[in-house]
Amino acid sequence: MDQNNAHRLKRRGLKVLHLVGLFLAMLVICLPGLWIVLNSLRPTVEIMAKPPVWIPQDISLDAYRSMFGGAGQGGIPVWEYFRNSLIISITSTVIALIIGMAGGYAFARYKFKGKSAVFLGFMLTRAVPGIALSLPLFMIFARLGIIDTHFSMILIYVALNVPFTIWLIDGFFRQVPKDLAEAAQIDGCTRWQAFWQVEFPLAGPGIASAGIFAFLTSWNEYALASQITRSVNSKTLPVGLLDYTSEFTIDWRGMCALAVVMIVPALTLTFIIQKHLVSGLTFGAVKG
Amino acid sequence: MKFPKLSAPTLLLLPAIIVLAAVIVLPLLFSLYSSFTPFRLTKPETIWILIGFRNYMSALTSLEFWTAFGRTVLLLTIALNAEMFLGLGLAMLVNKATRGQRLLRTLMMFPMMFSPVLVGFQFKFLFNDNIGFVNNVLQSLGITTSAIPWLIDGNLALFSIIVAEIWSSTSVFAILILAGLLAMPQEPVEAARVDGCTPWQTFRYVTWPYLMPFAMIAMTIRSLDVARAYDIVKIMTDGGPAKRTELLWTLVGRTAYSDARMGMANAMAYISILLSILFTVYFFRKLAAARQQIGAEW
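Residues numbered from 1 in each chain as written. Chains lettered and ligands numbered in written order. Predicted model: local features only at pLDDT ≥ 70, side-chain atom pairs only at ≥ 80, totals over all residues.

## Remarks on the overall build of chain B
Helices and strands together make up the secondary structure of chain B, namely twelve helices and zero strands. Of the regular secondary structure in chain B, the N- to C-terminal order runs α-α-α-α-α-α-α-α-α-α-α-α. In terms of its C-alpha atoms, chain B occupies a principal-axis envelope of roughly 75 × 75 × 35 Å. Counting over 298 residues, chain B shows a buried share of 45%. (Helix = DSSP H or I, 4+ residues; strand = E, 2+ residues; numbered from the N terminus. Buried ≥ 20, exposed ≤ 12 C-beta atoms within 10 Å, placed from the backbone.)

Written as structure tokens, this is what we have:
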């Protein structure tokens, strides 16, 4: 009986330990983000208060109102940055998807010489650090006179996104059984029709999540954007965020609000794709 | 067929190859060339003077370069190991949870959505010595009476950067390892338990080898953009205080854009590119090896 009790106690102890561990881990993950959201709603006086004010007294949306109203907080044109970010991210995503779909299909459906070498080669272009790539691009684009334009940023982001898009889409196409397209072809479809009517719809959700992933990469990129964009013409949100720090006194509340504006689209989109993203990345893990 | 000589896969891969060649490979060749010149942005004609390996020599003999290099390696070693370890722990914790797993998994992805710039900003705010959350908590709890200069002291600043880096990337490991745990067949684990393995032995010899490819995928993905630490450092300390958190990438950026010594910066950048590529190839190989092992056992 004693042994039984001891065992039960141990089990219960382990369970409590597990819950505490889980709780702590989730706290560490969520707290920083919540802290930012909270502080975007508080007046600066309260953020700066010594001793700290733990329970917010004065919640308001002033920071957001002044950010999107008129010239924006401290003359920072948030609207323009937001628009630039959207245009650049969406256009580059669409182009990267088209190129990535062609490439991913080639990797998933054809056998050709040097396949894995080509694949590795594509991946390696992604390994080049942004800041290292920005040097020659800066020199060349300055020469061509396309610095600080949407076009230059779109071009760069397409190239950045293509390798990873191919990886993901390759995985999704391989999950679609080959026989289906072959059956369609036997039934009189051309390969082109078989692709659009059978394989594409089946791999569709995966391709959509590859697109969202590409969008997020462009949306979040900083190292290259900080050098190639110069002015309100093409500056994106991550570069715009640094506008706040370049001032003498950091406007913490304004920065927090801008951070929230940046994170909300990313948050929404990631929730949509989370399932597909993991399955696309790991599909090759076991089956090779 | 308009191009009878090109096979279908070549045709399909052509756009990708063209874009990558135009935006990445050609510029890199150009920067390779310019790393052999004393090119300065302020003096465009210097692009035509070849000086051989002098840039590389002076980079490889400068203390500044090696300090940044060593610090980068140190940061990556600590961060990647910690991320792997914590990610594994987190995945096991979530996998063990009996209720609310979906919610937990969603929460776990949270840091992945933050762009590195945002992570940097967020931790700059949390670690601020005057109004930061960390100091506020420590002072309110009475653990310390004075403000700890997290981002002002050189060593503490590096520590804070590592914390930010770990926070942002642990979830990549956790998510992929969790995917492995969920996909894992249960029979071998049960068999091991019946055969009298301790929990540790079961984990070490049954679960871990199975999780290896998943961990390696996470490593490969991470190694593809280790340089995102640049964004975090740039916004948190900008290499300061007194260059105590200067990494290879911030050094390249400073040499190129603040000092305008493009040739020199390109030489340094090339060293960092080679480093990244080696790193990626290494993990890609390990991924292939881990896959084969799994294939043999299951």
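## Overview of the overall build of chain A
Along the backbone of chain A there are twelve helices and zero strands. Going residue by residue from the N terminus, the α and β elements of chain A occur as α-α-α-α-α-α-α-α-α-α-α-α. The C-alpha radius of gyration of chain A comes to 25 Å, more than 25% above the 19 Å expected for a compact globule of 288 residues. Each principal axis of the C-alpha atoms in chain A carries an extent, and together these give about 85 × 75 × 35 Å. Burial statistics for chain A: of 288 residues in total, 45% are counted as buried. Of the contacts formed within chain A by residues at least 6 apart in sequence, a portion of 76% connects residues at least 24 apart. (Rg over C-alpha atoms; globule rule 2.2 N^0.38 Å. Contact = placed C-beta atoms within 7 Å.)

## Some words on helix 11 (residues 248–258) of chain B
Residue and element names in this part refer to chain B. Burial analysis of helix 11 places eight of its eleven residues in the buried class, which makes it a mostly covered element. Among the residues of helix 11, Leu248, Trp249, Thr250, Leu251, Val252, Gly253, Thr255 and Ala256 are the ones counted as buried. Note on helix 11: the residue one or two positions beyond its end, alanine 260, has a positive phi of about 60°.

## Here's the deal with helix 10 (residues 229–236) of chain B
All names here are of chain B. When you tally the buried positions in helix 10, you get eight out of eight residues, the bulk of the element. Buried within helix 10 are the following residues: Ala229, Tyr230, Asp231, Ile232, Val233, Lys234, Ile235 and Met236. Aspartate 238 occupies a position one or two residues after helix 10 and carries a positive phi of about 55°.

## Some points on the interface of chain A and chain B
Each partner contributes residues to the interface: chain A has 69 residues there, and chain B has 71 residues. With 15 residues, the top contributor of residues to the side of chain A that touches chain B is helix 12 (residues 252–287) of chain A. By residue class, the composition of the side of chain A that touches chain B is 55 nonpolar, 13 polar and one charged. (Nonpolar A, V, L, I, M, F, W, Y, C, P; charged D, E, K, R; others polar.)

## So, the nonpolar core
Soluble globular proteins: nonpolar side chains tend toward being buried together. Membership of the largest hydrophobic core comes to 159 residues, with the highest contact counts inside it found for A:Ile156, A:Ala159, A:Ala259, B:Ile177, B:Ala218 and B:Val252. A per-element tally of this core places helix 7 (residues 150–175) of chain A first, with 16 residues. Shared between two domains, this core takes at least three residues from each, and those domains are domain 1 (2–64) and domain 2 (70–287) of chain A. Contact partners of B:Ile177, with chain neighbours within four places excluded, come to B:Gly87, B:Leu88, B:Ala91, B:Leu211, B:Phe214, B:Ala215 and B:Ala218. (Core = buried A, V, L, I, M, F, W, Y, C linked by C-beta atoms within 7 Å. Domains from an automatic or database assignment.)

## As for the domain arrangement of chain A
Residue and element names in this part refer to chain A. Once the domains are mapped, chain A shows domain 1 (2–64) and domain 2 (70–287). If you look at the interface, domain 1 gives nine residues, while domain 2 gives seven residues. Sorting the residues of the side of domain 1 that touches domain 2 by element identifies helix 1 (2–40), helix 2 (44–48) and helix 3 (62–68) as the ones contributing at least two each. Examining the composition of the side of domain 1 that touches domain 2, we find that four residues originate from one element, helix 1, more than from any other.

## Quick word on the packing of helix 8 (residues 178–186) of chain A against helix 9 (residues 191–220) of chain A
All names here are of chain A. Running from N to C, helix 8 and helix 9 cross one another at 130°; their axes reach a closest spacing of 9 Å. Regarding the angle of helix 8 to helix 9, the classification is oblique. The two elements helix 8 and helix 9 meet at a crossing, and its hand is right-handed. Of the residues in helix 9, those in contact with Leu180, Ala181, Ala184 and Gln185 of helix 8 are Arg191, Ala194, Phe195, Gln197, Val198 and Glu199. Partitioning the contact of helix 8 with helix 9 into residue classes produces six nonpolar, two polar and two charged. (Axes fitted to C-alpha atoms, helices over the stretch in contact; angles between N-to-C directions. Parallel < 35°, antiparallel > 145°, perpendicular 65-115°, else oblique. Left-handed = near helix turned anticlockwise from the far one by under 90°.)

## Thoughts on the environment of A:Leu160
Residue and element names in this part refer to chain A. Among the structural elements, leucine 160 can be located in helix 7. Residue leucine 160 is classed as buried on the basis of its C-beta count, with 27 C-beta atoms lying within 10 Å. The spacing of leucine 160 and glutamate 221 is 61 residues in sequence and 9.9 Å in space, taken between C-alpha atoms.

## Examining the packing of helix 4 (residues 78–109) of chain A against helix 7 of chain A
All names here are of chain A. With their axes 5 Å apart at the nearest point, helix 4 and helix 7 run at an angle of 40° to one another. Of the two elements, helix 4 crosses helix 7, and the hand of that crossing is right-handed. Taken together, the residues that form the contact of helix 4 with helix 7 break down as 18 nonpolar, nine polar and three charged.

## Looking at the confidence of the model for chain B
All names here are of chain B. Averaged over every residue, the pLDDT of chain B is 84; the share at 70 or more is 96%. Confidence, read as mean pLDDT per element, is least for helix 12 (residues 262–297) in chain B (80) and greatest for helix 3 (residues 63–96) (90). In the predicted complex, the global pTM is 0.85; the interface-specific ipTM is 0.82. (pLDDT = per-residue confidence, 0-100.)

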